[in-house]
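As a plain string of letters, each chain reads:
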Amino acid sequence: MAIQQKTSGFRSIRHRIVVFSILVTLVPSFGMGWYFYAMLYRTTTEKTEQRLMDAAGALEREINLWLKERDRELHVFSNSQVITENLKGDNRASANLRKIINYLTIIKDQFHDYRKLLVFDGQGQTLAVSDLSVEGHPLALPADWKDRIETSKFFIGEVYSKEDEISPLMLIGIPLLSEKQGDPLGIFAAEIRLAGLLPFLKNALSNGQAKSGKILLIEKNGRRILATSGPGEQKGLAPPAPEEIRLLNTPGHLRKFINNQGKQMVGMGLSFKDVPWDLVIVQSFDEIFAEVIQSGDRIILMAVLFSLIIGLCASILARQILVPLIALTQGVLRVANGELDISLNIRRNDEFGIVTGMFNTMVKQLKQSYQELEQLATTDTLTKLANRKQIMTSLNGHVEYYRRYSTEFSILMIDIDYFKNINDTHGHLAGDAVLFQMAQIFTKELRSMDIAGRYGGEEFLIILGQTDLQQATLTAERIRQAVELHPFTFGDIALHITISIGVTGIIQKDDTDTSMISRADKALYEAKAKGRNQVILRAELTPAKPLTSRHDAEQLSSPSIASK
């Protein structure tokens, strides 16, 4: 009787199939949803870590530049004769020190970042302090200031605070050297306000793409230096929260924690390489992982709906799932094997259709990124011509093609005359402008089958496909004239540029591209030795063959062309 009740409870085999289908589908559905959720969570975490590390790296560079600027300013201030003349020998009388104090006070009043400027003697004793009206305990040099001065000519003291100052303070200094660069006359130091670093911290936070959060600069002893949470919290160098300090135990990794307000946060701790401080970046978990949270809800909803549909029509829907899944899997495997010219058909307007479309978009973007990387690897960034590696690869390919099919070609080795004078006179930006305009001339004058590349510095290598020596020499002369007549400019500066060209062609003895490059180089150096702005042809080690037509002879009779 009981068995009959249990059997009737199932009613029919159909219900058992539905329940079984739901159970069988529910586990993998939620498993797949959890996998995609975990993958999205991990991807978001890695992207956030990379973004915060980039922001920290930019912040460290800004802080280094800021400190170097202070170092440069101290050197400028200390080079005044008011300092050096009144510190020499027995000149350290009270009147002389008063001159130094007045000088320091004038400078300090012009720079907000400096609270005090000080001069110490060689033993670290205070000689002069700017603005004696500013109260505060006497400033002392760091214990190891002599070692720092000897190694880096610049020292950074510990960070401290004062009652009358919101900004944290720090002592920095440089040696005061005599004209003979012997023993230092003393130390030129500055009590500097670190609030000048706050804009860099805020900029780093915005670079981290966070609407809320904070960045803290922390000393190695755990004291806070600066924080972006507001100027009122800068005073007193209050210690960071313990959970924020613990972020430094795993530098470079995003960690989740609950702050003292009970809010879920994520943060990362980093140690600077060139600055003796640590960095802590804290942001809201809900803000960083908002997309992951939304995706998690969507994944759960899709998994439940997917399970119910499978339970109602198990066999039909199973086939509908397997077909696009297999296609997507095969597509992923093809991409994993390096095949990027694929596009999967979007058969249905559902989740698999979305995933397939995203897959197609991903493959398209991956292919585009690969092409861009390939172009960067083969193109000179300044001239947009082939770089040396690419032009040599093309030359080697032409040599191999010649050895197989006897298709001759020629090369031009080009050097800009007196290019160093342009850099020395007008600067390297002017030289870059000349190189860029030179590349434009080559692009305009050459055929589609020709290849121009930057061989190195101001040297260019041009490969003329299916071109004999006479045609190559005519082309070289045409390029030389085009360069000579071209109005090179850099801003308001007009430049007259000429080039020297060495010409050679492929011969039977050329087993590799080395012999061709060597001949073209010799022809180029000969052109430069004969006065530059000319074309020299070197066919072999023997003189060049005579011209075969009157027209060619007239073309090659220009005084700017020579043959050897």
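Refer to the structure above for everything that follows.
Residues numbered from 1 in each chain as written. Predicted model: local features only at pLDDT ≥ 70, side-chain atom pairs only at ≥ 80, totals over all residues. Heavy atoms only, no water.

The subject of this paragraph is the sheet that holds strand 5 (residues 186-193). Taken together, five strands build an open sheet; the order of strands is 2-1-5-4-3 and the sheet is antiparallel. Each edge of the sheet is formed by a strand with only one pairing partner; in this case those strands are strand 2 (126-129) and strand 3 (155-160). Taking each pair of neighbouring strands and ignoring which way they run, the sheet shows an average axis angle of 20°. Together, strand 1 (114-120), strand 2 and strand 5 form the strand contacts of helix 4 (residues 94-110), whose direction differs from that of strand 1 by roughly 155°. Against the sheet, helix 5 (residues 145-152) touches strand 3, strand 4 (169-176) and strand 5, its axis set at about 135° to strand 3. (Pairing = 2+ DSSP bridges. Helix = DSSP H or I, 4+ residues; strand = E, 2+ residues; numbered from the N terminus. Axes fitted to C-alpha atoms, helices over the stretch in contact; angles between N-to-C directions. Contact = heavy atoms within 4.5 Å.)

Bringing a nonpolar patch on the surface into the picture now. A contiguous nonpolar patch, built from Phe-30, Ile-300 and Val-304 and spanning about 240 Å² of accessible area, is present on the exposed surface. You can see Val-304 is positioned in helix 9 (residues 290-312). Residue class for Val-304 comes out partly exposed when judged on its relative accessible area of 34%. (Patch = residues over 30% accessible without salt bridge, like charges linked within 9 Å, V, L, I, M, F, W, Y side chains within 5 Å. Areas by Shrake-Rupley, 256 points an atom, 1.4 Å probe, with all protein chains shown as cover. Salt bridge = Lys/Arg side-chain N within 4 Å of Asp/Glu carboxyl O. Buried < 20%, exposed > 50% of the residue type's maximum accessible area, 1.4 Å probe, protein only.)

Below, the discussion takes up the nonpolar core. If you look at the biggest cluster of nonpolar residues, it comprises 54 residues, and the most contacted ones within it are Phe-188, Leu-194, Leu-217 and Trp-277. Per element, the largest residue contribution to this core is eight residues, and it comes from helix 2 (residues 13-78). The contacts of Phe-188, once residues within four sequence positions are left out, are Leu-74, Phe-77, Ser-78, Ile-83, Leu-104, Leu-117, Leu-118, Val-119, Ile-172, Gly-173, Ile-174 and Leu-176. (Core = buried A, V, L, I, M, F, W, Y, C linked by side-chain atoms within 4.5 Å.)

With that settled, the discussion passes to the packing of helix 12 (residues 388-405) against helix 16 (residues 513-529). Between helix 12 and helix 16, whose axes approach to 9 Å, the crossing angle comes to 115°. In terms of orientation, helix 12 lies roughly perpendicular with respect to helix 16. For the pair helix 12 and helix 16, the contacting residues are Met-392, Leu-395, Asn-396 and Val-399 in the first and Asp-513, Met-516 and Ile-517 in the second. Looking at the contact of helix 12 with helix 16, its residues break down into five nonpolar, one polar and one charged. (Parallel < 35°, antiparallel > 145°, perpendicular 65-115°, else oblique. Nonpolar A, V, L, I, M, F, W, Y, C, P; charged D, E, K, R; others polar.)

Another aspect to go through is the pattern of salt bridges. Counted under the stated rule, the structure contains 17 salt bridges. Salt-bridge contacts for Asp-109 lead to Lys-108; the nearest nitrogen and oxygen are separated by 3.2 Å. Put simply, Arg-480 and Glu-484 hold a salt bridge, and the shortest N to O gap is 2.9 Å. With Arg-480 and Glu-484 both in helix 15 (residues 469-485), this residue pair falls four residues apart, about one helical turn.

It is worth spelling out helix 15 at this point. Owing to its 3.6 residues per turn, the α-helix brings residues three or four apart onto one side. Taking 1.5 Å as the rise per residue, helix 15 with 17 residues should run 24 Å; its terminal C-alpha atoms sit 24 Å apart, in good agreement. Looking at helix 15, one finds that the buried residues are Gln-470, Ala-472, Thr-473, Thr-475, Ala-476, Glu-477, Ile-479, Arg-480, Ala-482 and Val-483. (Expected span 1.5 Å × (residues − 1).)

With that settled, consider the packing of aromatic side chains. Going through the model one piece at a time under the given rule, you end up with seven aromatic pairs. An angle of 15° between the planes, with centres 4.7 Å apart, marks the rings of Tyr-41 and Phe-289 as stacked. Here Tyr-41 is found in helix 2, whereas its partner Phe-289 is found in the loop between helix 8 (285-288) and helix 9, with 248 residues between them in sequence. Taken together, a centroid distance of 6.0 Å and an interplanar angle of 75° make the contact between Phe-77 and Tyr-114 edge-to-face. In this pair, Phe-77 is assigned in helix 2 and Tyr-114 in strand 1, connecting sequence segments 37 residues apart. Across the pair, Tyr-114 and Phe-77 agree in class, each one buried. What links up through ring pairs into an aromatic cluster is the set Tyr-41, Phe-285 and Phe-289. Positioned above the aromatic ring of Tyr-418, the side-chain terminus of Arg-532 is 4.4 Å from the ring centre. (Phe/Tyr/Trp six-rings, centres within 6.5 Å; stacked < 30°, edge-to-face > 60°. Lys NZ or Arg CZ within 6 Å of the ring centre and 35° of its normal.)

We now examine the side chain of Gln-437. Along the chain, Gln-437 turns up in helix 14 (residues 428-445). Its relative accessible area of 11% is what places Gln-437 among the buried residues. Within the structure, the side chain of Gln-437 is placed 2.7 Å from the backbone oxygen of Thr-489, a separation counted as a polar contact. Aside from chain neighbours lying at most four places away, what touches Gln-437 is His-486, Pro-487, Phe-488 and Thr-489. (Polar contact = N/O pair within 3.5 Å; in protein donor to acceptor, adjacent residues only side chain to side chain.)

One open sheet holds the five strands; their spatial order is 7-6-10-9-8, and the pairing between them is antiparallel. The two strands at the open ends of the sheet, each matched to only one other strand, are strand 7 (224-227) and strand 8 (255-258). Strand-to-strand twist across the sheet, computed as the mean angle between neighbouring axes with direction ignored, equals 30°.

Here the focus is the side chain of Ser-410. Within the secondary structure layout, Ser-410 lies in strand 11 (residues 409-416). Here Asp-468 takes part through its backbone oxygen, which lies 3.5 Å from a polar atom of the side chain of Ser-410. Look past the residues within four positions of Ser-410 in its chain and what remains in contact with it is Ile-462, Ile-463, Leu-464, Thr-467, Asp-468, Leu-469, Ala-472, Thr-504 and Gly-505.

Just geometry here; none of it tells us what the structure is for.
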